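What follows is the residue order along each chain.
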Amino acid sequence: VKQEKWGPAGDILDTLVEKTADPAATRLLVRVLDADHQYVQALSNVLEDPTLFWTDEASAKLAVRLMVQNQRFMLARLFIADGPTKWRPALTTIAEDGEKAAQASYQQTIQQRLKDFYHLGDGNLMEQRHRLSDAYDLPLASFLMGTRFVLRDPFVHYLIKADIIESLRRVGVDTQLSYLWIDNQEYEVNPAKLVDQDDAPAVKAVRQAIAKQLGDTDAIRYQMASQQLDLQLMFLYPRAAAVITDPQEWATVLMTTLDGQELGDANATQRWQRRLMTLISTLAQGEK
């Protein structure tokens, strides 16, 4: 490395990383690959575990720069959002400068990616996930432009919409958006004002009720109930708190369904959970 013989250094470090999984070796390998202009391979190593690059500001900057060089703009934004707040201004500047340069130099490519994003609703859930992954290569401003259309598209799977809203929450996008929800009603949301759904008091209360009843007595049913709740929350995002008005009742109804009990229409909780069971069943069958 001192002799700047990047090729041989990369070969040695690659072998070392495979044998030891040493985080320091991984960071040095990425630095060597970057110096050798192997930006795609360098980013591939970063993405295997991005948290390894939160040890110091220089490593974090290198990771963001590689994401920008590979035009993975939304990934860069999410990486920045998940890291220490003290480095965010400097890292955000790298991302913003990269996006501006791309808008100037790769306008045609960005326009094509945006067109593909607009057609996200074409195809099944797996195909939509693939297109969303491609859309994450868009600069934030272009991604937001496409988002305003996609969130209102009835043909886009709601789990895709939930992923988009959650990503914008993590990035801290402070703007009002309209989205078509699972009840076919349109709602407004400002991602920056959302909290992590698991931190919502209603969600915490449901988890506590399940743990209190099953946590120490039936480990298997407790795991099943927790997994069922996780699936429900995927579809309820970001309106779980609005739907779960009685956490204790929600937990009770959820646990009775584990025994195969049919849900009726006695109350809103039962009606909602029956609807969610249908959505989850459709998802399990691999349908759109």
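Residues numbered from 1 in each chain as written. Predicted model: local features only at pLDDT ≥ 70, side-chain atom pairs only at ≥ 80, totals over all residues. Heavy atoms only, no water.

## Some remarks on the packing of aromatic side chains
Reasoning step 1: The final tally for this structure, using the stated rule, is nine aromatic pairs.
Reasoning step 2: Taking the centre distance of 5.2 Å and the plane angle of 15 degrees together, the rings of F117 and F143 count as stacked. You can see F117 sitting in helix α7 (residues 107-118) and its partner F143 sitting in helix α9 (residues 140-150), a full 26 residues away along the chain. Summarising the burial analysis for this pair, F117 and F143 share the class buried.
Reasoning step 3: With a centroid separation of 5.9 Å and an interplanar angle of 90 degrees, the aromatic rings of W181 and Y187 are classed as edge-to-face.
Reasoning step 4: Taking the relative accessible area as the measure of exposure, W181 reaches 3% and is therefore buried.
Reasoning step 5: Within the aromatic cluster, the residues linked to one another by ring pairs are Y158, Y179, W181, Y187 and W272.
Reasoning step 6: For R239, the ring lying beneath its charged end belongs to W181, and the centroid distance is 5.2 Å. (Phe/Tyr/Trp six-rings, centres within 6.5 Å; stacked < 30°, edge-to-face > 60°. Helix = DSSP H or I, 4+ residues; strand = E, 2+ residues; numbered from the N terminus. Buried < 20%, exposed > 50% of the residue type's maximum accessible area, 1.4 Å probe, protein only. Lys NZ or Arg CZ within 6 Å of the ring centre and 35° of its normal.)

## Quick notes on the pairing of strand β1 (residues 177-180)
Reasoning step 1: Judged by which residues are buried, β1 turns out to be covered on both faces: L177 and Y179 on one side and S178 and L180 on the other are all buried.
Reasoning step 2: Here β1 pairs with strand β2 (residues 186-189) via four bridges, running antiparallel. Paired with L180 across the bridge in β2 is E186.
Reasoning step 3: Hairpin connection, β1 to β2: the antiparallel pair is bridged by five residues, and N184 has positive phi, about 65 degrees. (Pairing = 2+ DSSP bridges.)

## Some details on the side chain of Q71
Reasoning step 1: For Q71, the position within the fold is in the loop between α4 (57-69) and α5 (73-82).
Reasoning step 2: Classification of Q71 as buried rests on a relative accessible area of 13%.
Reasoning step 3: Not counting residues within four places of it along the chain, the set of residues in contact with Q71 comprises Y106, R113 and D137. (Contact = heavy atoms within 4.5 Å.)

## Regarding unusual backbone geometry
Reasoning step 1: Omega for the peptide link from Y237 to P238 comes to 0 degrees, which places this bond in the cis form.
Reasoning step 2: With respect to the helices and strands, P238 occurs in the loop between α12 (219-236) and α13 (240-243).
Reasoning step 3: Residue E4 is not a glycine yet carries a positive backbone phi of 60 degrees.
Reasoning step 4: With respect to the helices, strands and loops of the structure, E4 is situated in the segment before α1 (6-20).
Reasoning step 5: The residue Q71 is not glycine, and still its phi comes out positive at about 55 degrees.

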